[in-house]
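Structural description and commentary
Here's the letter readout for the chains.
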Amino acid sequence: MARASKDAMAALRFLSTLTIPDGRMAGKRLRLANYQRDFVRGAFGKDVAAGVLSIGRGNAKTALSAGVSLGHLMGKIAYQPRREIIFAARNRDQAKNAFGFLVGFIEGLPEEEQGQFTIRRGSKLEVETAENGGGLARVIAADGKSILGGAPTLAVLDERAAWERDKGDSLENAILSGLGKRDGRALIISTSAPDDANTFSRWLDDAPPGTFVQEHRPPPGLPADDLESLLIANPGAKEGIGATPEWLVAQARRAIARGGSALSSFRNLNRNERVAADDRSVLVTVDEWLAAEVAPDALPVRNGPVVLGVDLGGSRSMSAAALYWPETGRLESVGAFPASPGLPDRGAADGVQGRYLEMAERGELVTMGETTVPVGPWLASVARLLDGQAPVAIVGDRFRHAEFIEALAAAGLDRVPFIWRGFGWKDGAEDIERFRRALFEGHVRTAPSLLLRSAFADAITLVDPAGNHKLAKARSLGRIDAVAATVLAVAQGARMMGQPKRSVKLVWG
């Protein structure tokens, strides 16, 4: 790691003099954890205007920023005369948390130092000092008009992912423009947002120049009570900060037992995952999908008719196919990307880093063609996975009708019955409900698949006023093609199994 800047060293020295105001460590000298030191060094690095921290709830990110703010207010860090510190949050009550930590740290200072501060707790939450050039720290809520004309030298944007979109963006823009007047610095801290479209997610995924980003988010698709990944999102648990590892595991198992929004909320807040906390928009939870995974030697046999579900991608998106044997519940899935750009570049662009390369190594993802996947040869390669068995039906998107007809002829599958389905409210609602029922009743079994885990982690449903569901992405950069193909194949298999068996009557003459 590069050598810490002068401001970073000043911040680390000052923080080590503070006393913890509350909690089980109250009254003891503040001792920073490694991840906190890393954030201070990065956020106060040379030419850094904004430090962004994403971490699970309860890891003292607000307390850390309040301690830094006090050092700035007292002129110990990044000295300027007439300093102005802003604590910004979605609403006043939320911002009071940071203000409370600030006041708590002040009350732990020597009495001669406490006397320099004027604390106002009325309609305005403010702390002012006239010492060392003077300074003012104040609390504001997400209303951009409240700081127009201000010139803060430090701003803490607390729980940024929870701010209302329009008002929050207005407040952020007003703060950042004010910081530019005096070479100020922003600390943007939060647990993970529920999706990629959130402004906080964009800070993490596409940070502008002059931004330091530190994100503690585990890989997707893991069980909620997986301890190793829980500690990635909650590094303080290993160093006596916040919840203990035992508590986290116990809460995870309680959330798994309750399911629904309780589990989604735990993943979002405690595991720091980008999961929508509203379970009405979740196709299936990650844990519900993981229940369908079995060891390869326990996978049901390929017995009976097989349905092929296909989701065709374009030049930038993935094409995916799902093979489903409804009599046994066996499911297999494969995906394909064009060769350009390569899998490492695609992974970086989609925010999944080396996940596509890992899928390719596991045999779940292939590259074909240059800039687009040649659909005919790709479908032919999928058919070869069946070892000579012909699909009883192929299911695909009605919108891609002409492209499918040409591809099936090129793959030698034009004699297989093709069933057209839409991804809108009508067909989509039926297929989603059939898929969910088959999954929950144990009629879907698959070997562990990173391709499917990743896709289901990114899949949600949009709900119309009548309660109909259609498939959608949770992340704008998410790839849910394998889920779309799986839903099509499993739903068609369920329809086939639900059809009454025809009986033959013999008539004797």
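What comes next is a walk through the structure.

The rules we used
- Residues numbered from 1 in each chain as written.
- Predicted model: local features only at pLDDT ≥ 70, side-chain atom pairs only at ≥ 80, totals over all residues.
- Heavy atoms only, no water.
- Axes fitted to C-alpha atoms, helices over the stretch in contact; angles between N-to-C directions.
- Helix = DSSP H or I, 4+ residues; strand = E, 2+ residues; numbered from the N terminus.
- Left-handed = near helix turned anticlockwise from the far one by under 90°.
- Contact = heavy atoms within 4.5 Å.
- Nonpolar A, V, L, I, M, F, W, Y, C, P; charged D, E, K, R; others polar.
- Buried < 20%, exposed > 50% of the residue type's maximum accessible area, 1.4 Å probe, protein only.
- Core = buried A, V, L, I, M, F, W, Y, C linked by side-chain atoms within 4.5 Å.
- Pairing = 2+ DSSP bridges.

**Overview of the packing of helix H1 (residues 6-15) against helix H2 (residues 34-43)**
- Running from amino to carboxyl end, H1 crosses H2 at an angle of 145°, the nearest separation of the two axes being 8 Å. In this structure, H1 crosses over H2, and the sense of that crossing is right-handed. Listed contacts from H2 to Ala8, Ala11, Leu12 and Leu15 of H1 are Arg37, Val40 and Arg41.
- Of the residues belonging to the contact of H1 with H2, the class tally is five nonpolar, no polar and two charged.

**Things to note about H2**
- When H2 is considered as a whole, its buried residues turn out to be Tyr35, Gln36, Phe39, Val40, Gly42 and Ala43.
- Contacts made by the buried residues of H2 are with H1, strand E1 (50-54), helix H3 (61-73), strand E7 (185-190) and strand E8 (211-215).

**Quick look at the nonpolar core**
- Ranked by size, the top nonpolar core spans 46 residues in total, and within it Leu15, Leu18, Leu70, Phe87, Phe117 and Val127 carry the most contacts.
- It is helix H4 (residues 92-107) that contributes the most residues to this core, seven residues altogether.
- If sequence neighbours within four positions are ignored, Phe87 has contacts with Ala66, Ser69, Ala95, Ala98, Leu102, Ala137, Arg138, Val139, Ile140 and Val156.
- Grouped together as the second largest cluster of nonpolar side chains are 39 residues, Val307, Met318, Leu450 and Leu451 included.

**A word on the pairing of strand E4 (residues 125-129)**
- Among the five residues of E4, four are classified as buried, and the element is accordingly described as predominantly covered.
- Here five bridges tie strand E3 (residues 117-121) to E4, and the two strands are oriented antiparallel to one another. Across the sheet, Phe117 pairs through a bridge with Thr129, a residue of E4.
- Between E3 and E4, which pair antiparallel one after the other, the connecting turn spans three residues.
- Here E4 pairs with strand E5 (residues 135-141) via four bridges, running antiparallel. Within the sheet, the bridge partner assigned to Thr129 lies in E5 and is Gly135.

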